[in-house]
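Descriptive analysis of the structure
For reference, the chains in residue letters:
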Amino acid sequence: MKFAYRFSNLLGTVYRRGNLNFTCDGNSVISPVGNRVTVFDLKNNKSNTLPLTTRYNVKCVGLSPDGRLAIIVDEGGNALLVSLVGRSVLHRFHFKGSVHSVSFSPDGRKFVITKGNIAQMYHAPGRKREFNAFVLDKTYFGPYDETTHIDWTDDSRCFAVGSKDMSTWVFGAERWDNLIYYALGGHKDAIVACFFESNSLDLYTLSQDGALCVWQCDTPPEGLRLKAPTGWKADLLQRKEQEEEEEEEEEEERETTIRGKATPASEEQQGKVKYSRLAKYFFNKEGDFNNLTAAAYHKKIHLLVTGFASGIFHLHELPEFNLIHSLSISDQRIESVAINSSGDWIALGCSGLGQLLVWEWQSESYVLKQQGHFNSMVSLAYSPDGQYIVTGGDDGKVKVWNTLSGFCFITFTEHSSGVTGVTFTATGYVIVTSSMDGTVRAFDLHRYRNFRTFTSPRPTQFSCVAVDSSGEIVCAGAQDSFEIFIWSMQTGRLLEVLSGHEGPISGLCFNPMRSILASASWDKTVRLWDMVDSWRTTETLALTSDALAVTYRPDGAELAVATLNSQITFWDPENAVQTGSIEGRHDLKTGRKELDKITAKHSAKGKAFTTLCYSADGQSILAGGMSKFVCIYHVKEQILRKKFEISCNLSLDAMEEFLNRRKMTEFGNLALIDQDAGEENGVAIPLPGVRKGDMSSRHFKPEIRVTSLRFSPTGRCWAATTTEGLLIYSLDAQMLFDPFELDTSVTPGRIRAALRQKDFTRAILMAVRLNEKLLLQETLESVPWDEIDVISSSLPELYVEKVLEFLASSFEVSRHLEFYLIWTQKLLMAHGQKLKSRAGNLLPAVQFLQKSIQRHLDDVSKLCDWNRYNIQYALAVSKQRGVKRPSEPLGSEEEADASDDEDSLHLLSGGHGDGDGDDGDRLLM
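Residues numbered from 1 in each chain as written. Predicted model: local features only at pLDDT ≥ 70, side-chain atom pairs only at ≥ 80, totals over all residues. Heavy atoms only, no water.

What counts is decided by this rule: UniProt positions are given in the numbering used here, feature names are shortened, and annotations may be inferred rather than shown by experiment.
In the nomenclature of an unreviewed UniProt entry, the chain is known as Small-subunit processome Utp12 domain-containing protein of Pipistrellus nathusii. The Subcellular location (unreviewed entry) comment attached to the chain in UniProt states, word for word, "Nucleus, Nucleolus".

The following block contains the structure:
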């Protein structure tokens, strides 16, 4: 099995913190998710996480006006210049401080960042490759406190910066003679946002206490005059007029500093731009204290969207301040608001709930409504066809995700406590979950309802769940009574209670081939129970340490157990003999938490693998635990094949092996002090001696851990539930050259020569051996459809498997649906019996094929039904149009009016008073 697995998508987390952005076409929303960035394509219903990471959580994202580039800045001030077209990092930069916001100018030539109490303007990176992509142009001083928001004028001549010192500053992007800087007051709280009116220097400013000021400027943007150069610059311009352009570039490269004053002298104000306040509006009614937390303004349609700390958002039309509508989306603060280019869709992000909404305000409906698990995810399971993933979290929610679109399409909230285990039945339409609330529930994916609830005679907390291959028997292990409960899915009745373990049950797993249950416990044993033979214990496997996880190989011939001493032991369940073991302590490599008293090396002694999963072919095993690493071991050789680092986010705890010495002071560890106290959503630290204040509010760093791992039944990807979310790693086929029985006689030239000679079988065999996807596609598509039957029957058995794998992957992207379906049908008909004998090895490829065909069946069947109903409707309407009504004597005024209406309808339909059926049909055609 190949291990070219690469990170492909992040599900389960849709928004963490930072600003939301729409792409320039308005069809996709870009959302920061931890230290990654996800693009939600709203038109095609897909989510995609960019394959890049920052060192800390992303704080702000700035998009260029053409939508090609993005600047992503994290909490530490590290910036990535990213190409959204190539999905790759072009440049890395450090801004030497925490950046609050970043904004490109509308012409795309400059961008401004706000950091501390200053604003810095940089030359925007161009299309050509540069040694340093970020060149500082000007630094603007003026505000006394942290800067919060940036907005540009439409012509890129000026920009406004809001600050926490309750002032707003307007700066000139060039050295204007009549506007270098201008300070605006008028607020009693920190500025949240400031917006220019379109094609004007008029300004709107919004403060945290819910006040909006409207400022009018006495000068239009065209009235700004460039400052005439003086001194050596003027002499230089006179002497070298012909080299004007080069000198301008040279001038641009020199950094200049502009220092603003809040109250400039009166002689400085003469002949300059002046602002006056036209109006001041308040969002909060009398007695309300609702903090304004986010705002966005669409200049073309004059639409202002404001989000509040209580989860309410308002839509207003400016400058009249008319309320269009207001809506409450949650009880958590709205962290970020964005409007798309057409002004139809509004994106809202709540970091408290991890919620992302896209709202269409005209029709008052959701375009997108997604929310991750409120607490960490605990368990996951793949559906038998690999199309869906179900996750359970500590928040008691069960969510089902579509692996193709990346969206959650159903959430079950019936559990009242944390979910500890989830699993699919063999049909793939029933989900069974166990919870700490003392219930095991079965959910139906046809009707989306909880149709069975299994309980125990005495209240107990369930730690794990398993369903047998028939889907008839449901088992759950108890954490406090050390028993295993068995129910019937059909009746919902408790069948048996298995006792024998002397410690909490940590894992259950059914043999995929037989009705034998394996249960792992903290009493250092694994017991095998025969479900057919009156539920008695067939074997007890004695371990050297507490068992934490147990799993069967897909063919049921081997059992793997993870124990507390960091070992994975392999057993033959038939003979109860240990066949091997892997020592995994050194591979876990746990990090040191900021508040740990002991080193990572010593704390690793208490860490172990807590989740195990066999690969689809059973040759390898995937293991993870309280660490940022996931290990893949070869079972037979018992060696480490590959180690995946699932995160490099330093905003999480236990990421580094050694403590950061810069945080160690003579007073102790700085990690113990809440440094976010000054932020608007930080902890309010009371003065010494003050008893009031919310003692429960605190900031903490979540610890990195892997709680559950599962291989997809198709064998092409695996998923892990981690602190960051649900990570999907899939086979990277593009970068991999993996030939099969290659020799010097197989070349692309010879394959094409065989195709020209119409020797299709030889061409296919050579293309499979070369294993170049595009060449294999060209070869298969060159075969005439009426010859597929003959060629498929002449292929050797070993090559059939390779062709089936290729067909399965082609179904996902190709438009030649019927052609590939004929290939699949003929291959399975010709070689079905022989392939059955190697069912174990072929299962991943067949399941991948089934998943691809099933997806097309769902899509095409919906489309065909829709078309059929439309055609029936059109035919019914055409028949109605052609029918003449019998003429009746006009008895009353109502009937006379009705006849007049009918005549006018006939005139509209294009008939000259004769109302023939043909006319109606012709119009419809």
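Read on for the rest.
Here we look at the overall build of the chain
The condition is simple: The helix and strand labels rest on DSSP assignments: H or I over at least four residues marks a helix, E over at least two residues marks a strand, and numbering proceeds from the N terminus. Only protein chains enter the area calculation, which uses a 1.4 Å probe; residues under 20% of their type maximum are buried, those over 50% are exposed, and those in between are partly exposed. Contact definition: two residues touch when any of their heavy atoms are within 4.5 Å. Areas reported here follow the Shrake-Rupley algorithm with a probe of radius 1.4 Å; residue values treat only the protein chains shown as occluding.
Of the regular secondary structure elements, the chain holds 14 helices and 59 strands. In the chain, buried positions account for 50% of the 925 residues. Taking as baseline every contact in the chain between residues at least 6 positions apart, the subset at least 24 positions apart corresponds to 50%. Just so you have it, the chain exposes about 45400 Å², and 50% of that area is on carbon and sulfur atoms.

Some thoughts on the UniProt feature "repeat: WD" (unreviewed entry) in the chain
Under the UniProt annotation, the feature "repeat: WD" (unreviewed entry) is placed at residues 184-216, 370-402, 412-453 and 498-531. Helix makes up 0% of residues 370-402 and strand 58%. Its end C-alpha atoms lie 13 Å apart. Taken end to end, residues 498-531 comprises 0% helix and 56% strand; its first and last C-alpha atoms sit 11 Å apart.

Quick word on the pattern of salt bridges
Note the following rule: We define a salt bridge as a contact between a side-chain nitrogen of Lys or Arg and a carboxyl oxygen of Asp or Glu at a distance within 4 Å.
Inspection of every chain in the model, using the stated rule, returns 18 salt bridges. A salt bridge links K164 to E146; the nearest nitrogen and oxygen atoms lie 3.7 Å apart. Here E146 lies in the loop between β13 (135-141) and β14 (147-152) and K164 lies in the loop between β15 (158-163) and β16 (168-172), a separation of 18 residues in the sequence. Notably, a salt bridge pairs R225 with D177, separated by 3.6 Å at the nearest N-O pair.

Points about the packing of aromatic side chains
Quick note on the threshold: Here a pair means two rings of Phe, Tyr or Trp (six-membered ring of Trp) with centres within 6.5 Å. Their orientation is stacked below 30 degrees between planes, edge-to-face above 60, and tilted elsewhere. The rule for a charge over a ring is simple: NZ of Lys or CZ of Arg within 6 Å of the ring centre, and within 35 degrees of the ring normal.
Inspection of the entire model under this criterion finds 40 aromatic pairs. A centroid spacing of 5.8 Å and a plane angle of 45° characterise the contact between F159 and F171, whose relative ring orientation is tilted. One end of the pair, F159, is in strand β15; the other, F171, is in strand β16, and twelve residues separate them in sequence. Each member of the pair, F159 together with F171, is buried. Feature note: the residues F93, F95, F104, F111, Y122 and F134 constitute an aromatic cluster, connected by ring pairs. Here the guanidinium or amino end of R36 rests over the ring plane of F7, the centre of that ring lying 3.9 Å away. It is K643 that lies over the ring of F629; its NZ or CZ is 4.6 Å from the centre.

Regarding the nonpolar core
The following threshold applies: We call a set of buried residues a nonpolar core when its members are Ala, Val, Leu, Ile, Met, Phe, Trp, Tyr or Cys and they connect through side-chain atoms within 4.5 Å of each other.
If you look at the biggest cluster of nonpolar residues, it comprises 35 residues, and the most contacted ones within it are I764, V803, L807, W823 and L827. Among the secondary structure elements, those contributing two or more residues to this core are α6 (748-756), α7 (760-770), α8 (773-782), α9 (788-794), α10 (797-811), α11 (817-836) and α12 (839-882). Other than its neighbours up to four places away in sequence, I764 contacts L776, T779, L780, V783, I791, L795, V803 and W823. Judged by nonpolar contacts, the second largest core, of 23 residues, contains F7, I632, V706 and A720.

Comments concerning α8
Definition in use: An arc is given here, and it is the one of the directions from the helix axis to the C-beta atoms.
Among the residues of α8, L775, L776, T779 and L780 are the ones counted as buried. Here the buried residues of α8 occupy an arc of 130° about the axis, which is enough to place them on one side. The elements touched by buried residues of α8 are α6, α7, α10 and α11.

Some points on the sheet that holds strand β25 (residues 312-317)
Defined as follows: A pair of strands is labelled paired if DSSP reports no fewer than 2 bridges between them. Only the stretch in contact is used when fitting a helix axis, every axis being a line fitted to C-alpha atoms; angles between N-to-C directions are given from 0 to 180 degrees.
In space, the four strands of this open sheet follow the order β23-β24-β25-β26, with antiparallel pairing throughout. Two strands in the sheet have a free side with no partner beyond their single neighbour: β23 (292-298) and β26 (322-328). Each strand of the sheet is rotated relative to its neighbour by a mean of 15°, with strand direction disregarded. Relative to β26, β25 runs antiparallel, the two being bridged by six bridges. Directly across from I312, in β26, lies its bridge partner S328.

Some points on α7
Within α7, eight of the eleven residues are buried, leaving the element largely enclosed by the surrounding structure. Within the sequence span of α7, burial applies to F760, A763, I764, M766, A767, V768, R769 and L770. Summarising the contacts, the buried residues of α7 are in contact with α6, α8, α9, α10 and α11.

Points about the pairing of strand β34 (residues 408-412)
Inspection of the sheet shows strand β33 (residues 398-402) paired to β34 by four bridges, in the antiparallel sense. Across the sheet, W401 pairs through a bridge with C408, a residue of β34. Between the end of β33 and the start of β34, which pair antiparallel, lie five residues, with G406 showing a positive phi angle near 85°.

Here's the deal with the confidence of the model for the chain
The condition is simple: Per-residue confidence from the predictor is reported as pLDDT, a score between 0 and 100.
On average, the chain scores 83 in pLDDT, and the residues at 70 or more come to 86%. Low pLDDT, under 50, characterises residues 691-695; the stretch is placed with one contact to residues that sit more than four places away or in other chains. For residues 890-925, every residue scores under 50 in pLDDT, and the model assigns this stretch 21 contacts once sequence neighbours within four places are set aside.

As for unusual backbone geometry
With an omega dihedral of 5°, the bond running from L318 to P319 counts as a cis peptide bond. Inspection of the secondary structure assignment puts P319 in the loop between β25 and β26.

Focus on the state of the cysteines
Just so we agree on the cut-off: In this description, a disulfide is simply a cysteine sulfur pair whose atoms lie within 2.5 Å.
For the coordinates displayed, the defined rule picks out zero disulfides. Cysteine C509 is unpaired, with the sulfur of C613 as its nearest cysteine sulfur at 9.6 Å. C509 gets classed as buried once you look at its relative accessible area, which sits at 14%.

Structural notes on the packing of α8 against α10
What counts here: These descriptions rest on fixed angle ranges, namely under 35 degrees for roughly parallel, over 145 for roughly antiparallel, 65 to 115 for roughly perpendicular, and the rest for oblique.
Relative to each other, α8 and α10 sit at 95°, their axes nearing to 11 Å. One element, α8, and the other, α10, form an angle in the roughly perpendicular class. Residues K773, L776, Q777 and L780 of α8 form the contact with α10, whose participating residues are V803, F806, L807 and S809.

Some details on the sheet that holds strand β5 (residues 46-49)
Ordered in space as β2-β3-β4-β5, the four strands form an open sheet in which the pairing is antiparallel. Looking at the sheet topology across the chains shown, the edges are occupied by β2 (21-22) and β5. Pairing analysis gives six bridges linking strand β3 (residues 28-33) to strand β4 (residues 36-41), with the strands arranged antiparallel. Across the sheet, residue V33 finds its bridge partner in β4, namely R36.

Section: the side chain of S627
Applicable threshold: Polar contact is the term for a pair of N or O atoms within 3.5 Å; when the atoms are in protein, one must be able to donate a hydrogen and the other to accept it, and sequence-neighboring residues count only if both atoms are side-chain atoms.
With respect to the helices and strands, S627 occurs in the loop between β52 (620-625) and β53 (629-634). In this structure S627 comes out as buried when scored by relative accessible area, which is 2%. Among the polar contacts made by the side chain of S627, one reaches the main-chain carbonyl oxygen of L588 at a distance of 2.5 Å. Polar contacts involving the side chain of S627 include one to the main-chain amide nitrogen of F629, which spans 3.0 Å. Setting aside chain neighbours within four positions, we find S627 in contact with L588, K589, T590, I704, R705 and V706.

Side note on the packing of α6 against α8
What counts is decided by this rule: Nonpolar residues are Ala, Val, Leu, Ile, Met, Phe, Trp, Tyr, Cys and Pro. Charged residues are Asp, Glu, Lys and Arg, and all others, Gly as well, are polar.
Between α6 and α8, whose axes approach to 11 Å, the crossing angle comes to 5°. With respect to their mutual orientation, α6 and α8 come out roughly parallel. Where α6 abuts α8, its residues P748, I751, R752 and L755 lie against L775, E778, T779 and S782. Partitioned by chemical class, the residues of the contact of α6 with α8 number four nonpolar, two polar and two charged.

Some points on the pairing of strand β45 (residues 525-530)
Burial of β45 is extensive: six of the six residues sit out of reach of the surface. By the alternation rule, side chains of β45 split into T525, R527 and W529 and V526, L528 and D530, which are all buried. Of the strand pairs in this sheet, strand β44 (residues 516-521) and β45 are connected by five bridges, and their pairing is antiparallel. Counterpart to A520 in the pairing with β45 is V526. Counting the residues between successive antiparallel strands, the hairpin from β44 to β45 contains three residues, one of them, K524, with a positive phi of roughly 65°.

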